[in-house]
Amino acid sequence: MKGKQLLQIALGIVTSVGGFLEIGSITTAAQAGAAFGYQLTWSVIIGTLCIAFLIEMSGRFAACSKHTIPDAMRERFGANAFSIPLIVMLSVSLLVMAAEMGGFAAALELATSVKFPFWAVPAAFVSWFVLWRASFGMIENGVCLLGLVTVVFAVAAVKAGPDYGALARGALPTLPHTSPAHYWFVAVSVLGASVSPYLYYFYSSGAIEEHWDKSYLGVNRWVAGIGMGFGGFLSLAILVLAAVLFHPNGQDVGSYRDLPELVTPILGRPGFWLFVASLAIACFGATLEIALSLAYLVAQGFGWQWGEDLPPRADARFALMYTLLIAAAALFVLFGADPLKLTQISMALTSASLPLGVLPFLVLMNDRRYLGEHVNGHIGNAIVLSISVMAMVLAVVSIPLELIGGGG
Amino acid sequence: MMSPTGEVHIEQLLGRRVRDIDGAVVGRVEELCADVINGETVVTEIHLGAAALWERLGGFALHLPFVRFLPIARYEHRIPWSLVDLSDPENPRVLQPRAKLRRVRIDQD
Amino acid sequence: MIHLIAEVLDKQIVDKRSRQAGRADGIVIELREGQPPLVVAVEVSPITLLARFNRRLASWYARWDARLGHGRGTPFRIPWRALDRTGLDLRVDFDAEDTPINAFEKWLRQRIVERIPGS
């Protein structure tokens, strides 16, 4: 493989890793480890596997068809059918974005002791400003390189001295010993945090922004596999930390203020600041990514000019979309919606609505008119289909039970 | 037969139920095919039927492993323009009994 | 053979400056006595798009749009012959800036976006 492609792979992996963690994966992994020790390891693995496949498919789709996913969905399924995933994705992803912005604000609260609703407006403004001024490459690379600070979780997890045997056993799905409703609810939340539709929709637009073609198929595979894999590894590190530090004492993750204790017992005061930096950067990056992803979804669905690489004056409606979305998300934070609760709800809803985003995408991935010989194989189809249907079934069953049971 | 004049929006026809001359339901509008004839692009055929939906989805869906076991109709009616009355776009009609219409199996395309 | 719904409807339109210029929200055919219907034009308009969901909503929007200026309130049509269907998208020979397709985009740009620094 040529040097340039190697560099692209490296950069791609780095951005995937740096961009993987966000408040969803952090809190759901922490809650899984706190409540059930290593038992839910399998949910992190399955979620990571599914998103890795979806990301690879997304990149392959864009590179071969020269269409983004929303573009192809409107074209292929028509305006009426397209409106359903459009509305569902907008609603659910907006909640996720509100959770991310809340996470960013929560990190600032941890750093300054100034309550998080206060940070809603500054956070929104900074997010908007970066999207307004920066190019796609700047955002992708810049924010995600900063996101490498999240490697601190891996370092802490190794230092914590986990029970590797139990960890390995947790990789196989098992039935819960206690609180079954809560167990499946947390599993569903982990899946929803890993398999976020906004991620692979965004990835296809990114591939088009970066002018990918078929020569990038190899790069795409490496980035998806190793990037997502390593990102999942970081989620696992958080689960491990919670399993080692919280689970033995029966301590739960009830508030985002509990989260720094995943790291401080192992790395001390510097660990606290590394955690805050990780949370802030991860959530900030996710906020930008979701805002862009939804703006792409709408702009491409309606056929407007779009592109983060274009200056706002060249795609005013696209810019208006992300502006409105950021403002809407900020309202949740401003009115004090607890970031942790918002995260739990949005992750569960993501799982419940997963097939709605995934199934049309799978239809596209098997369409030779777009992909020629690069259509999906049976394995890819089977894995993605089964995981998303499973996520939905689990969500539909466990959410009401969790609500009845009063939550965890 | 009298063919009335006027404009019709194809996107409004999409999905509409079409009945035959006896009032029996033939299927839903799923596609309109056109050809260039004498320099003009004209509608030559209309495709109807529950199965015709697969045409829009590319037909791949019929090859997914699990679909084979589902009771989905795999036929569509292909009707030449001269047998279709679009004068009332909300109630398109076919000018022959259903049994006489050309029926095609979609996954053999 | 052209599949009007699968290959034309909802397809992205690109103008002569290679900029996205909306989508084929509708296709108009003309019924003729004793002859096959003629494919007349493609419509690019929120009115046409809304009509696919709810006619009342579409006519409400059309009435509101008509108040915004001359020649507004009706869907913009691209004659069938003006469409180049050979590429990935539907290409047209004019600049979308000169048409109602970009009316809102233009208004946003001139009235708001350009007044914000860094645009």
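A brief look at the structure comes next. (Residues numbered from 1 in each chain as written. Chains lettered and ligands numbered in written order. Predicted model: local features only at pLDDT ≥ 70, side-chain atom pairs only at ≥ 80, totals over all residues.)

### Points about the overall build of chain A
Thought 1: Helix and strand counts for chain A come out as 17 helices and zero strands.
Thought 2: Over its C-alpha trace chain A gives a radius of gyration of 20 Å, about what one expects of a compact globule, namely 22 Å for 408 residues.
Thought 3: Of all 408 residues assigned to chain A, the portion counted as buried reaches 60%.
Thought 4: Looking at chain A alone, contacts between residues at least 24 apart form 86% of all its contacts between residues at least 6 apart. (Helix = DSSP H or I, 4+ residues; strand = E, 2+ residues; numbered from the N terminus. Rg over C-alpha atoms; globule rule 2.2 N^0.38 Å. Buried ≥ 20, exposed ≤ 12 C-beta atoms within 10 Å, placed from the backbone. Contact = placed C-beta atoms within 7 Å.)

### Some thoughts on the overall build of chain B
Thought 1: Helix and strand content of chain B: two helices and eight strands.
Thought 2: Going from N to C terminus, chain B has its helices and strands arranged as β-α-β-β-β-α-β-β-β-β.
Thought 3: Here chain B, with 109 residues, has 31% of them falling under the buried criterion.
Thought 4: Here the contacts in chain B between residues at least 6 apart in sequence split such that 55% fall between residues at least 24 apart.

### Regarding the pairing of strand S4 (residues 40-48) of chain B
Looking along a regular strand, one sees the side chains alternate between the two faces of the sheet.
Residue and element names in this part refer to chain B.
Thought 1: Both strand S3 (residues 25-37) and S4 contribute to a ladder of eight bridges, which runs antiparallel. From the neighbouring strand, valine 36 faces S4, where its bridge partner is threonine 41.
Thought 2: Between the antiparallel neighbours S3 and S4 lie two residues, among them asparagine 38 with a positive phi of about 55°.
Thought 3: Note that S4 and strand S5 (residues 75-80) share four bridges and pair antiparallel. Residue pairing for S5: glutamate 45 is matched across the bridge by proline 80. (Pairing = 2+ DSSP bridges.)

### As for the nonpolar core
Thought 1: Counting 161 residues, the largest nonpolar core has Ile238(A), Leu241(A), Ala242(A), Ala291(A) and Ala295(A) as the members making the most contacts within it.
Thought 2: Tallying contributions element by element places helix H12 (residues 264-302) of chain A first for this core, with 22 residues.
Thought 3: Leave out the neighbours within four places in its chain, and Ala242(A) touches Ala30(A), Gly33(A), Ala34(A), His247(A), Val253(A) and Leu262(A).
Thought 4: By size, the runner-up hydrophobic cluster in this structure holds 41 residues, among which are Leu14(B), Val94(B), Ile29(C) and Val42(C). (Core = buried A, V, L, I, M, F, W, Y, C linked by C-beta atoms within 7 Å.)

### Observations concerning the pairing of S5(B)
Thought 1: Sheet topology places S5(B) next to strand S8 (residues 103-105) of chain B; three bridges connect them, and they run antiparallel. When the sheet's bridge partners are listed, His77(B) is paired in S8(B) with Arg103(B).

### Section: the environment of Val253(A)
Residue and element names in this part refer to chain A.
Thought 1: Following the sequence through the fold, valine 253 ends up in the loop between helix H11 (217-245) and H12.
Thought 2: Sequence spacing of valine 253 and alanine 35 is 218 residues, and the spatial spacing of their C-alpha atoms is 8.5 Å.
Thought 3: Not counting residues within four places of it along the chain, the set of residues in contact with valine 253 comprises Thr27, Ala30, Gln31, Ala34, Ala242, Phe246, Asp258 and Leu259.

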